[in-house]
Amino acid sequence: MTEETPALKLSEYPTPDGRFGQFGGAYVPETLVAALEQLADTYRRVRESDQFWSELGELFRTYVGRPTPLYDADGLTRHARRNLDGKLGAHFWLKREDLAHTGAHKINNALGQALLATKMGKSRIIAETGAGQHGVATATACAQMGLECDVYMGAEDVRRQRLNVVRMQMLGARVIPVDSGSRTLKDATNEAMRDWMGSVEHTHYIIGSVVGPHPFPAIVRDFQSVIGRETKAQSLRNMGSLPDAVVACVGGGSNAAGIFHAFIDDKVRLVGVEAGGRSNAIGEHAAPLSLGSPGVLHGSLSYVMQDENGQTADVHSCSAGLDYPGVGPEHSFWKDAGRVEYASVTDAEAIDAFLVLARTEGIIPALETSHAIAHALKLARELPREANIVINLSGRGDKDVEEVLRLLGGEVKPAEGRVRHQRQKRERKKDEPRGYVPPSGSSEEEDRVTE
Ligand SMILES: Cc1ncc(COP(=O)(O)O)c(C=O)c1O
């Protein structure tokens, strides 16, 4: 009789060959197989190394500014409760990744992978970028560690995220505009992969989300999972319990995987929000989990937007960072396992939410993040007042100010019916922790969480 393999907990995926259920894997040309094996070997070693996590932890604390705060969003809560009966309207908390150095969660992964690249003796870094946040984060990590840096970016994104193009150049990176296809993130990723095939000996490709062939989805998730570990510890302190729901936007899926992972084995409702664009018609949105089907894109099997011949379809979103036809394989697995709900919101709803957060909280969010806010506002209206919703505020919106102004027709209307409000002070169960929260199993963990 053969012994049955014990089932993995959801948090324990992927399997050693990089599978999340049927999803994931490494569908790559021969030239990349050795590089991916080297990366998987190095990462396997590094993952067990306290020294690596303590080096990265020090950077997270002193360079990124971790832990990022969990902010009690009383103004947004009051906004959601307008015209509701007294029992409904959950309370909002914002996980402030917008306050991380460079203004988004992308720095967590960029620093982790740049450090990994130095351990592999690679001197050059390449990256793809859509919104430019991953490009800026990578250029920053390369400046900090003395690595050469080339960033591929679709020509349409170069136009709509100009501020970040200049930032990358100032940080010493070369920005290479990509004119093929829809001139957005998918095309930039194609070019980065092509570059890597010819340069793999001395170049590491810092992929910007939980996408791509094994071992990238697991590596990126692990570096981003600091968001969820901090949120869990902060929720227990500030709410006295785990949150009822956690909401995050999903492009490739790295900020969502980063905050969801710590809660995946718990009884917490997890909601990923995709870009619903202009409509549900193919080419008009970027919502592969909601409207796509399984297929291979950029080296892994996952939900993808494709036509009847299996060709990757064009997508659209007002937000460059969500304008991608694929999604990380772990999200596909979580969707099919029924563990995470996925929804989508339209461009117009996201732009509304962008202004709502700016006006109720004084925080201008990224357009990507605004998708999570728009959906969370709907969710809060169905949940009781005692419920707590954490929104992952994945990035700040400075980069989007020009584009939102253009989409609003060149004019921002004044706020209507603004009422001065006395912010309510909520009782804290305990004080905020001061240190960053290292991964479980690390010898630093106990100390830091209780610091
Ligand atoms: C602020 C921000 N949030 C979210 C995303 C979407 O990426 P992901 O789904 O990997 O978090 C991006 C991508 O550029 C971003 O800049």
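Residues numbered from 1 in each chain as written. Predicted model: local features only at pLDDT ≥ 70, side-chain atom pairs only at ≥ 80, totals over all residues.

## Things to note about the site of the ligand
Where we set the bar: For each residue, a C-beta atom is positioned from the backbone; the residue is called near a molecule or strand if that atom sits within 6 Å of it. Put simply, DSSP marks the helices as runs of H or I at least four residues long and the strands as runs of E at least two long, and each gets a number from the N terminus on. Marked domain ranges trace back to an automatic or database domain assignment.
In the vicinity of the ligand there are 21 residues, among which Ser209, Gly251, Ser254, Gly321 and Gly395 approach most closely. Residue assignment for the shell around the ligand shows that the elements contributing at least two residues are helix H5 (133-145), helix H11 (254-260) and helix H15 (367-380). The dominant element in the shell around the ligand, judged by the number of residues it contributes, is H11, at 3 residues. Split by domain, the shell around the ligand shows at least three residues from each of two domains, domain 1 (19-62 + 106-220) and domain 2 (65-103 + 226-407).

## Examining helix H4 (residues 106-119)
Cut-off, in case you're wondering: Each residue after the first adds 1.5 Å to the expected span of a helix. The exposure scheme places C-beta atoms from the backbone and then counts, for each residue, the other C-beta atoms within 10 Å of its own, assigning buried at 20 or more, exposed at 12 or fewer, and partly exposed in between.
Between its first and last C-alpha atoms H4 spans 20 Å; for 14 residues at 1.5 Å apiece the expected length is 20 Å, and the two agree. Counting buried positions along H4 yields 11 of 14 residues, so the element is predominantly enclosed. Looking only at H4, the buried set comprises Lys106, Ile107, Asn108, Asn109, Ala110, Leu111, Gly112, Gln113, Ala114, Leu116 and Ala117. Directly beyond the C-terminal end of H4, a positive phi value near 70° is found at glycine 121.

## Regarding unusual backbone geometry
Each neighbour pair has its own omega, and for arginine 66 with proline 67 the value is 0°, a cis peptide bond. Residue position: proline 67 is located in the loop between helix H2 (50-64) and strand E3 (70-72). Residue proline 215 is reached from histidine 214 by a cis peptide bond, and omega for that bond is 10°. By the secondary structure assignment, proline 215 is in the loop between strand E8 (203-205) and helix H9 (216-224). Phi at asparagine 83 takes a positive value of approximately 60°, unusual for a residue other than glycine. Secondary-structure assignment places asparagine 83 in the loop between helix H3 (74-81) and strand E4 (91-96). Positive phi outside glycine occurs at arginine 183, with the angle close to 60°. Taking the C-beta count within 10 Å as the criterion, arginine 183 has 18 such neighbours and is therefore assigned partly exposed.

## Observations concerning the sheet that holds E3
Filter applied, for reference: A strand pair is defined by DSSP finding two or more bridges across the two strands. Every angle, taken between N-to-C directions, lies between 0 and 180 degrees, and every axis is a line fitted to C-alpha atoms, over only the stretch in contact when it is a helix.
Ordered in space as E3-E4-E14-E9-E10-E13, the 6 strands form an open sheet in which the pairing is mixed. Every other strand in the sheet has two partners, leaving E3 and strand E13 (341-346) as the edge strands with one partner each. Along the sheet, successive strands turn relative to each other by an average axial angle of 30°, direction set aside. Across 3 bridges, strand E9 (residues 245-249) lies against strand E14 (residues 388-393) in parallel orientation. Within the sheet, the bridge partner assigned to valine 246 lies in E14 and is valine 390.

## Observations regarding the domain arrangement of the protein chain
Inclusion rule: Each residue gets a C-beta atom placed from its backbone, and two residues are in contact if those atoms lie within 7 Å. Each residue receives one of three labels: charged for Asp, Glu, Lys and Arg, nonpolar for Ala, Val, Leu, Ile, Met, Phe, Trp, Tyr, Cys and Pro, and polar for the others, Gly being one of them.
Under the domain assignment used here, the protein chain contains domain 1 (19-62 + 106-220) and domain 2 (65-103 + 226-407). Relative placement of domain 1 and domain 2: their C-alpha centres are 22 Å apart. Contact with domain 1, which involves 40 residues of that partner, is made by 38 residues of domain 2. Sorting the residues of the side of domain 1 that touches domain 2 by element identifies strand E2 (23-24), H2, H4, H5, helix H6 (155-160), helix H7 (162-170), helix H8 (185-199) and H9 as the ones contributing at least two each. Among the residues making up the side of domain 1 that touches domain 2, the classes are represented as 18 nonpolar, 18 polar and 4 charged.

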